[in-house]
Structure formats: C-alpha cells, structure tokens
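Chain residues, written in single-letter form:
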4 protein chains.
Amino acid sequence: MSATTAYERLAATLRERIEAGEFQPAMPLPSEARLQEEHGVSRNTVRRAYRLLEDEGTIVIRHGAGAFVAQPDSDATA
Amino acid sequence: MSATTAYERLAATLRERIEAGEFQPAMPLPSEARLQEEHGVSRNTVRRAYRLLEDEGTIVIRHGAGAFVAQPDSDATA
Amino acid sequence: MSATTAYERLAATLRERIEAGEFQPAMPLPSEARLQEEHGVSRNTVRRAYRLLEDEGTIVIRHGAGAFVAQPDSDATA
Amino acid sequence: MSATTAYERLAATLRERIEAGEFQPAMPLPSEARLQEEHGVSRNTVRRAYRLLEDEGTIVIRHGAGAFVAQPDSDATA
DNA sequence: GTGGTCTAGACCACT
DNA sequence: GTGGTCTAGACCACC
C-alpha cells in the first residue's frame, strides 16, 4: 500500500477516489494542472500517475478533453 | 504599418523589440504564456504572431526551449 | 514509417540498428547519455524511445546496467 | 576541526560557505555533479557530505530541484 | 557510470 | 483550457 514513488502514491490516491465513486462517467477527473497544485508535484509526476491508471485500464485519457473513469466493456473485470 | 489583425500587430510589436536589440542571442523571447498575460490576447494569437515571425526568418522556435532571435547564416535574407 | 514525434523517430532508428544485428546479446545498447549527445535530444526523449522499445518487447532495460536486445523466450514472435 | 574522512571534510567546507552567507534562501547550493568536478571526488562522497548536512539540519534537499540552506523554523537547533 | 524519479517550464495539438 | 511532447538539469538507486 505504501508505494515508494510520488507518482505511485498519487495514482493510489486517485484510484481510491475513483473506487469510492467520486467521479461520474461523463465527469472528468481533476485536470493535470489542478492535481499539480493540489498535491504539490510537477506536471510530469501527475502525468505518470494518470498514465499508470490508464495502463491498468482504470481511466481513459482524451486529448484536449480530460481523464475519465473507464467504462466497463466486454473485457471489464468489474 | 498599422496591421489589420491582432496577431499581426503583436508580431509588429515583437519585431520592433527585436530590432531594438532587446534580446540577446541566447536569451529566449517572452514565453507564449507570458505574452498572453502581458497583451491580454489568446494563446492562438500569440502562436500566430510567433509563427509569422518564424516564417519570415526573424526568429527560431525551439520546441520545449523557447523562441530565439534568428542568427544570420548563409540563408539569411537580411 | 515517418513517425511524427522525436521519440518515435529515435525508437525507429534504434529498432533498425537492432534488426541489422548491430548489438550482441551481452552488449548493451548506447547509454541514455550517449544517445542524448548523438541525436541532440533531451534525456527524457531518449528514455521514451527506449521505453517504447521495451514495451513492445524489443529490448530489456536493467537499472544500473543498461539496455539490451531482448532474448527470445517462449513468447517470442521472431 | 580536521575531519578524518573525505565527505566530512567536504561537508565542513560547505558548512563554512553556508555560514559565510554565500547562498541565498532561494538559491540552490552547487549540484552534486558540480561539486564532483570542483573537488575531484566521487559522487558518493558528495552525496554523503550533503546527507550529513541534511541530517544535522543545515540544508534541505529537494528531489529534482537541489540543495538549499535550511530556513529556521520551530524545530531549528540554531 | 548506468538507469530511475523528479522539478520547472517551454512549445504543440486537440476540444 | 485540456492533454501531448520536449528541453534542461537536478537528486536517487543500482551495478
């Protein structure tokens, strides 16, 4: 649980918020700039956290639009 | 001399500052974000102005580094 | 073939060198610092290129040791 | 005063420069790479020296940003 | 002396 | 005004 890097910790925090149902399907997660301010990390670190969540299928990132909770499809585990 | 569009006017202003020798070779011109604030224009306007200056060979834009006064080389127009 | 980003172009170049058999199994590919100098890009760009090649299974990166051509295993396509 | 190890001697030198007020609050101390060159020592030695100064509360090290003179707070020893 | 993470801030492309 | 790429250079961990 106690991830060793900043981006893993941030990803874990976001994962919890997602699992708690904080974000609705059409509602974007916080922007990179917002997370940057909120967590006091660089944008790069925010992007790595989001990238990690995208790679594991938790979120979907859309250029120019934002990050969204992934919707279940035929491969969905949940 | 009185350009008709916002980006042409901004380009003209920057051209004057360059010709006045305000920027040293290794010193970048103001960033897009800075010009946006200083002139109260949109980022698109700033980008068009810089693009215009680059197209005419006045400046060189380096991705991730900034805009710089073009150095005279064999292709120099001036 | 003409990739649009710097890291994709660098990855393509490295892929060709690998396929041409330039690197032996135990011989590391050029270090990040070396590629940085050779190609005039930032270390970040070099890392993204190597990361891309690692993700596609072309190379294996070992912390503190270097990048190596991936050895065929049971999942190998070639 | 004559420290027995290389890193203690380097730390002592840096401590003197700090106490002489050579570094302003927002100005980072020399980077590890720079000290390495200037003093002709290994990176490990530099890192140990900085670690020692951080442990005694003289400096604060910020990952990716540099080493800074510690600002007095409620926990200040001096 | 290598790769790994991080900061800070620039320009680029898309909605 | 969002995400995408890139530069430059710092500290960290490993071989």
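Here is a short report on the structure shown in this document. Just so we're clear, the structure is a prediction, and the values are computed from it rather than from any experiment. Position labels on residues start from 1 in each chain and follow its written sequence. Naming scheme: in the order in which they are written, chains are lettered from A and ligands are numbered from 1. Local features in this predicted model are restricted to residues of pLDDT 70 or higher, and side-chain atom pairs are both shown and tallied only at a pLDDT of 80 or more, whereas totals for entire chains, interfaces and linings draw on every residue. Excluding hydrogens and water, the side-chain values take into account all heavy atoms of the structure.

## Looking at the overall build of chain A
Filter applied, for reference: Only DSSP runs of H or I reaching four residues or more are called helices, and only runs of E reaching two or more are called strands; each is numbered from the N terminus. This radius of gyration counts C-alpha atoms alone. The globule rule is 2.2 Å times how many residues there are, raised to the power 0.38.
On a plain count of helices and strands, chain A comes out with three helices and two strands. Going from N to C terminus, chain A has its helices and strands arranged as α-α-α-β-β. Scaling as 2.2 N^0.38, a compact globule of 78 residues should have a C-alpha radius of gyration of about 12 Å, and chain A matches this with 12 Å. Dimensions of chain A, computed from C-alpha atoms along their principal axes, come out at roughly 35 × 30 × 20 Å.

## As for the protein's contact with DNA strand F
Test applied: Working definition: residue near molecule or strand if any one of its non-hydrogen atoms lies within 4 Å of it. Pairing of N or O atoms within 3.5 Å defines a polar contact, subject to two protein rules: one partner must be a possible hydrogen donor and the other a possible acceptor, and residues neighboring in sequence count only if both atoms are side-chain atoms.
In the vicinity of DNA strand F, 34 residues are found, and the nearest of them are Arg43(A), Arg43(B), Arg62(B), Ala6(C) and Arg47(D). Near-protein atoms of DNA strand F (within 4 Å) split between backbone and bases, with sugar and phosphate holding 64%. The separation between a phosphate oxygen of DNA strand F and a polar main-chain atom of Ser42(C) is 2.9 Å. One nitrogen or oxygen atom from the main chain of Gly64(D) is found 3.3 Å from a base nitrogen belonging to DNA strand F.

## Some thoughts on the packing of helix α1 (residues 6–19) of chain D against helix α3 (residues 43–55) of chain D
If you want to describe how two helices pack, look at the angle between their axes and the distance between the axes. All names here are of chain D. The cut-off we apply is this: With axes taken as lines fitted to C-alpha atoms, and helix axes fitted only over the stretch in contact, angles between N-to-C directions fall between 0 and 180 degrees. Every angle not falling under 35 degrees, over 145, or within 65 to 115 is termed oblique; those three ranges are roughly parallel, roughly antiparallel and roughly perpendicular. Rotating anticlockwise by less than a right angle from the far helix to the near helix defines a left-handed crossing, while the corresponding clockwise rotation defines a right-handed one. Residues are treated as being in contact if the distance between any of their heavy atoms lies within 4.5 Å. When residue character is reported, Ala, Val, Leu, Ile, Met, Phe, Trp, Tyr, Cys and Pro are called nonpolar, Asp, Glu, Lys and Arg charged, and the others, Gly included, polar.
Contact geometry of α1 with α3 gives a least axis separation of 8 Å together with a crossing angle of 55°. When the axis of α1 is compared with that of α3, the two are oblique. Between α1 and α3 lies a crossing of right-handed hand. Between α1, through Ala6, Tyr7, Glu8, Leu10, Ala11, Leu14 and Arg15, and α3, the contact on the second element is made entirely by Thr45, Val46, Arg48, Ala49, Tyr50, Leu52 and Leu53. Looking at side-chain class alone, the contact of α1 with α3 contains 10 nonpolar, one polar and three charged residues.

## Observations concerning the protein's contact with DNA strand E
Around DNA strand E lies a shell of 34 residues, among which Ala6(A), Arg47(B), Arg43(C), Arg43(D) and Arg62(D) are the nearest. Atoms of DNA strand E within 4 Å of the protein belong to the sugar or the phosphate in 64% of instances, the rest to bases. Contact between DNA strand E and Ser42(A): a phosphate oxygen at 2.9 Å from a main-chain N or O atom of the residue. Of all the elements in the fold, those that place two or more residues in the surface near DNA strand E are α1 (6–19) and α3 (43–55) of chain A, α3 (43–55) and β1 (59–62) of chain B together with α3 (43–55) and β1 (59–62) of chain C. Ranked by residues supplied to the surface near DNA strand E, first place goes to α3(A) with four residues. Of the residues contributing to the surface near DNA strand E, the split by class is five nonpolar, 17 polar and 12 charged.

## Description of the side chain of Thr58(C)
Residue and element names in this part refer to chain C. The condition is simple: Think of it in three bands: with a 1.4 Å probe and only protein chains considered, a residue is buried below 20% of the maximum accessible area for its type, exposed above 50%, and partly exposed in between.
Position of threonine 58 relative to the elements: it lies in the loop between α3 and β1. Relative accessible area serves as the criterion here: at 19%, threonine 58 is assigned to the buried category. Within the structure, threonine 58 has its side chain in polar contact with the side chain of glutamate 56 (distance 2.7 Å). If we ignore the near neighbours within four places in the chain, the residues touching threonine 58 are Ile18, Leu53, Phe68, Val69 and Ala70.

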